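# Structural overview
Chain by chain, the residues run as shown.
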Amino acid sequence: MAAMAASVSVFSGCGDDGDPSEEQSSVFDDQGLTSSVFDGKIQATVAGGDSLNSKIDFVKAFGLHSAKYYEDEVASAPYVNGGFTLQLPETMPALDKFQLPESITVSDTTANTVECSIKAYKGATEVGYFYYVSEFVGGAIFIYADKDVSVTGSGLRDNEVVTYRVSLKRGWNKAYVRGKNTTPTTREYTSTEPSGLKWIFWPNSNF
């Protein structure tokens, strides 16, 4: 979970296992990197989610803009029967430029992206987050890109070694992050989906 919390806005300044109901395809870019594109529909069955039915009313998706210190709400859906179906918009209202170490190669520096977080609410009160994660291999990040772009290479960012092998297609994509507690710590990003991912709820102090 620490890896997921630190993954916010890693590109820009800003269900049950496999989720078979999501329309996702894997294609290869000109560098041979896999791109995990999908139609923006997130259908989540949360682990132990039935116990949350009376504690969570709905979920909201937000675009994250860490360099500007704000986020914008882009979608919402009710939380029912231990999960939710959330349709992300076809386009996002605000995007950001890449902000990465100079040693990282971005195939098209005119491309803009934004990442998405998913929060839980009881009434008007935010009570936690939903993550799509595996205990051993990190978790997923949902990213919108306005152009096809690949991000590759390694570099030092905030006293951490980051490595990217990510291909994004125009529209909604998934990337996957794995953190390691080495010295210095390392974080790896890829477009290749690992096995064993599941949706979990992570409460905050309001829960």
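Here, the structure is the one placed above.
Residues numbered from 1 in each chain as written. Predicted model: local features only at pLDDT ≥ 70, side-chain atom pairs only at ≥ 80, totals over all residues. Heavy atoms only, no water.

Let us now look at the side chain of His-65. The topology assignment puts His-65 in strand 4 (residues 58-65). There is a polar contact of 3.4 Å between the side chain of His-65 and the side chain of Asp-72. Within polar-contact distance, the side chain of His-65 engages the side chain of Asp-96 at 2.7 Å. (Helix = DSSP H or I, 4+ residues; strand = E, 2+ residues; numbered from the N terminus. Polar contact = N/O pair within 3.5 Å; in protein donor to acceptor, adjacent residues only side chain to side chain.)

A few words now on the environment of Tyr-144. Here Tyr-144 is to be found in strand 11 (residues 138-145). Looking at Tyr-144, the relative accessible area reads 3%, which means it is buried. When the C-alpha positions of Tyr-144 and Leu-168 are compared, they lie 8.3 Å apart, and in sequence the two are 24 residues distant. Each residue touching Tyr-144, except ones within four places of it in the same chain, is listed here: Glu-90, Thr-91, Met-92, Leu-95, Asn-112, Thr-113, Val-114, Gly-171 and Trp-172. A polar atom in the side chain of Tyr-144 sits 3.5 Å from the backbone oxygen of Glu-90. (Buried < 20%, exposed > 50% of the residue type's maximum accessible area, 1.4 Å probe, protein only. Contact = heavy atoms within 4.5 Å.)

Let us now look at the packing of aromatic side chains. Note on aromatic pairs: each is described by the distance of the centres and the angle between the planes. Within the structure shown, the criterion is met by twelve aromatic pairs. Summarising the aromatic geometry, the rings of Tyr-79 and Phe-130 are spaced 5.7 Å apart at their centres and angled 10° between planes, so their arrangement reads as stacked. Residue Tyr-79 is located in the loop between strand 5 (70-78) and strand 6 (83-87), and its partner Phe-130 is located in strand 10 (residues 125-134); the two are separated by 51 residues in the primary sequence. There is no split in this pair, since Tyr-79 and Phe-130 are both buried. Between the aromatic rings of Phe-84 and Trp-199, the centroid separation amounts to 5.6 Å while the plane-to-plane angle is 75°, which identifies the pairing as edge-to-face. Here Phe-84, found in strand 6, pairs with Trp-199, found in strand 16 (residues 198-203); they are 115 residues apart in sequence, far enough to count as distant. (Phe/Tyr/Trp six-rings, centres within 6.5 Å; stacked < 30°, edge-to-face > 60°.)

This part covers the pattern of salt bridges. In total, this model carries six salt bridges according to the counting rule given. Close ionic contact of Glu-73 with Lys-60 constitutes a salt bridge, the shortest N to O distance being 3.4 Å. Within this pair, whereas Glu-73 is found in strand 5, its partner Lys-60 is found in strand 4, the two being separated by 13 residues in sequence. On the accessibility criterion, Glu-73 (43% relative accessible area) is partly exposed. The residue Lys-119 makes a salt bridge to Glu-71 at a minimum N-O spacing of 2.4 Å. (Salt bridge = Lys/Arg side-chain N within 4 Å of Asp/Glu carboxyl O.)

Residues Ile-42, Phe-84, Leu-86, Leu-88, Ile-118, Phe-130 and Trp-199 are the most contacted members of the largest nonpolar core, which totals 31 residues. The element best represented in this core is strand 9 (residues 112-122), accounting for four residues. Not counting residues up to four positions away in its chain, the partners in contact with Ile-118 are Ile-42, Val-59, Lys-60, Phe-84, Leu-86, Tyr-129, Phe-130, Phe-142 and Trp-199. Among the nonpolar cores identified, the runner-up in size contains 17 residues, and Ala-111, Ile-141, Tyr-164 and Tyr-189 belong to it. (Core = buried A, V, L, I, M, F, W, Y, C linked by side-chain atoms within 4.5 Å.)

Any functional reading would require information beyond the geometric quantities listed.
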